[in-house]
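Fold and contact review
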Amino acid sequence: MNKSIDAVTSNHDAVADSSSDLLDEKRGTVKDTEDMKRMGKQQLFRRNFGFLSIFGFAMILMSTWQALLGVAAFGLGNGGTAGLIYLYIIVVIFFGMVNISMAEMASMAPTAGGQYHWISEFAPRSYQKGLSFLVGWLCSLGWQSGVSIGCFLAATEIQGLIVLNNDDYVYERWHGTLLTIAVVLFVAFFNTFLAQHLPLVEGLVLCLHLGGFICILVPLWVLGPRGDSHEIWTTFSDEGGWGSTGLATLVGIITPVTAFLGADAAVHMSEELKDASKTLPRVMISTSVVNGALGFVMLITFCYTLGDLEEVLSTPTGYPFIQVFYNATGSKGGATAMSCILVVSAIANGMTNMATASRQLFAFARDGGVPCHKWFASVSPRLQIPMNAILFTISFSVLFSLVNIGSTVAFNQILSLGLASLLSSYFISIFCLFLRRLRGQTLLPSAFSLGKFGIPINIGSLAFLALAFTMSFFPGGSNPTVESMNWSSLAFGGTLILGGIYYVGWARHHYVGPVEYVRKSD
């Protein structure tokens, strides 16, 4: 094992020597340099992100108010307007605790590896290697599938607009797949040839994120119908036939959870961020607060201007928000213009997802966690981006989109695997930190610390994540068919089995975990 560590460390040093002429372009702070040195990592990327650009990056990836509109149908069917509103408030509070807990760890160890690196440092010694590999494997899967869902949402929203504007159009799944591939290639262009300008692009898209919010909110306020307050705040729905509105509402928790997922995206870009240990906590907390507030206002507005629930849920466009926009404005052109804001936001979400997924894959490969790790861990000397990791992400998204041709339900259920993967990575990393706190062990110094509030915040985070993880495997109804069944539990188990086989057969002899490089550098 020591030979493996020495070999990988020597490779890191060789990369550093070959890129020494680029060090002047890294523009990191002294603290950035100290953090990378402590973690045993070499600075390979330009630190061209500042607070505003990475804030825009994280805001767009989370896209809470847009995601709520995009996936509202599931929550409305399982819980109704009342269930969706109350659950959203609960999710914002407890997922906020999750994000704060991760913000503290990000301040301690600001690395693109994120959760699997934190676990490697914080877990009990005997579990560091295995748990770190498991979470790295799950995070890679979660973020890779996230690229597909972002691009798929944009593509099918475009299809929904075609349905709205063309009565003769026949909705075909393969049309959605081709549109998804087109979106994937479009966001790939920004992540490769325009990678150096990504911070500027994220800043511009942030303006759209905030300006688009107003452009959708005002027409709904002025033109939309007005629902009855008592009905909106007290009516629960059980369209899934669970026999219990309480259980139905819990099943619907996936809607607000999905809308609030992804605050760790900024962490995976930390090696391209200036003053990362201080900036990351500010960004993660600010993103949670701002997106949480915007999402709440949009959700209340949407519920009050919803109109007839049955009509909205059965819309031929496939997206209730398109029907709500059309009902409010009475104009196909107006509804299309409002919907295009969400289409552009979904494309931007795919852009940030691809950047995050490729960096996370690069970091895991750098530590020897995936097959062909040297290939994945290479960085383009000209573009200074993990080009091979990006190419794999593009290929994965394109191939994954082909599943939709056979079954949209299967495509969506497989993608829900990404949700379970990320939630489990949050849970394990926070649990390791909590266990360290509970035992009174010394934590790493950080610019942001929870102090005496650490244990209660960690406990609240773990309880919430356990519930959300469990509900992510529930189907949309109590009597699912083969097609409507949520097969993500099977896919999740299969992924763990494949990862276990790879670990036992190869990785356990080569993967040592990031903490070993930390100890060696110390």
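Quantities reported herein were computed from a predicted structural model and do not represent experimental measurements.

Turning our attention to the overall build of the protein chain. The number of helices and strands found in the protein chain is 24 helices and zero strands. For 522 residues, the compact-globule estimate of 2.2 N^0.38 gives 24 Å, and the protein chain sits close to it at 22 Å. Residues counted as buried form 58% of the 522 residues belonging to the protein chain. Of the contacts formed within the protein chain by residues at least 6 apart in sequence, a portion of 82% connects residues at least 24 apart. In the form shown here, the protein chain has an accessible surface area of approximately 19,800 Å², with 67% of it arising from carbon and sulfur atoms. A distance of 13 Å separates the average location of the 28 positive side-chain charges in the protein chain from that of its 31 negative side-chain charges.

Of the residues in the protein chain, 90% have a pLDDT of 70 or more, and the chain-wide mean is 84. Contacts of residues 1-25 to residues separated by more than four positions or lying in other chains number 26 contacts, the stretch itself having pLDDT below 50.

Along the polypeptide, Arg47 turns up in the loop between helix H2 (30-38) and helix H3 (51-62). The exposure class assigned to Arg47 is buried, which follows from its relative accessible area of 2%. A polar atom in the side chain of Arg47 sits 2.9 Å from the backbone oxygen of Ser270.

Summed over all chains, the structure comprises two cavities of 30 Å³ or more. One number sums up the size of the largest cavity: a volume of about 80 Å³. Along the walls of the largest cavity sit 10 residues, with Asn48, Glu272, Leu383, Gln384 and Ile385 positioned nearest its centre. By residue class, the composition of the lining of the largest cavity is four nonpolar, three polar and three charged. Of the volumes computed, that of the second largest cavity is approximately 40 Å³. In terms of lining, the second largest cavity is formed by Leu68, Leu69, Ala72, Leu84, Met298, Leu299 and Phe302. Mapped onto the lining of the second largest cavity, the elements with two or more residues apiece are helix H4 (64-70) and helix H14 (276-304). Per element, the largest residue contribution to the lining of the second largest cavity is three residues, and it comes from H14. Taken together, the residues that form the lining of the second largest cavity break down as seven nonpolar, no polar and no charged.

Our next topic: the environment of Thr180. By secondary structure assignment, the location of Thr180 is in helix H9 (residues 173-192). Judged by its relative accessible area of 1%, Thr180 is buried. Taking C-alpha positions, Thr180 is 24 Å from Lys332, a pair spaced 152 residues apart along the chain. A polar atom in the side chain of Thr180 sits 2.7 Å from the backbone oxygen of Gly176.

Let us now look at a negative patch on the surface. The grouping of Glu239, Asp308, Glu310 and Glu311 at the surface amounts to a negative patch. Within the element layout of this structure, Glu311 appears in helix H15 (residues 309-313). Judged by relative accessible area, which is 37%, Glu311 ranks as partly exposed.

The rules behind these values
Residues numbered from 1 in each chain as written. Predicted model: local features only at pLDDT ≥ 70, side-chain atom pairs only at ≥ 80, totals over all residues. Heavy atoms only, no water. Helix = DSSP H or I, 4+ residues; strand = E, 2+ residues; numbered from the N terminus. Rg over C-alpha atoms; globule rule 2.2 N^0.38 Å. Buried < 20%, exposed > 50% of the residue type's maximum accessible area, 1.4 Å probe, protein only. Contact = heavy atoms within 4.5 Å. Areas by Shrake-Rupley, 256 points an atom, 1.4 Å probe, with all protein chains shown as cover. Lys, Arg positive; Asp, Glu negative; His and termini not counted. Charge placed at Lys NZ, Arg CZ, Asp CG, Glu CD. pLDDT = per-residue confidence, 0-100. Polar contact = N/O pair within 3.5 Å; in protein donor to acceptor, adjacent residues only side chain to side chain. 1 Å grid on protein atoms, 1.4 Å probe; cavity = no way out; pocket = protein on both sides within 12 Å on 5 of 7 lines; lining within 4 Å. Points joined across faces, edges and corners; volume = space filled by probe spheres on them. Nonpolar A, V, L, I, M, F, W, Y, C, P; charged D, E, K, R; others polar. Patch = residues over 30% accessible without salt bridge, like charges linked within 9 Å, V, L, I, M, F, W, Y side chains within 5 Å. Salt bridge = Lys/Arg side-chain N within 4 Å of Asp/Glu carboxyl O.

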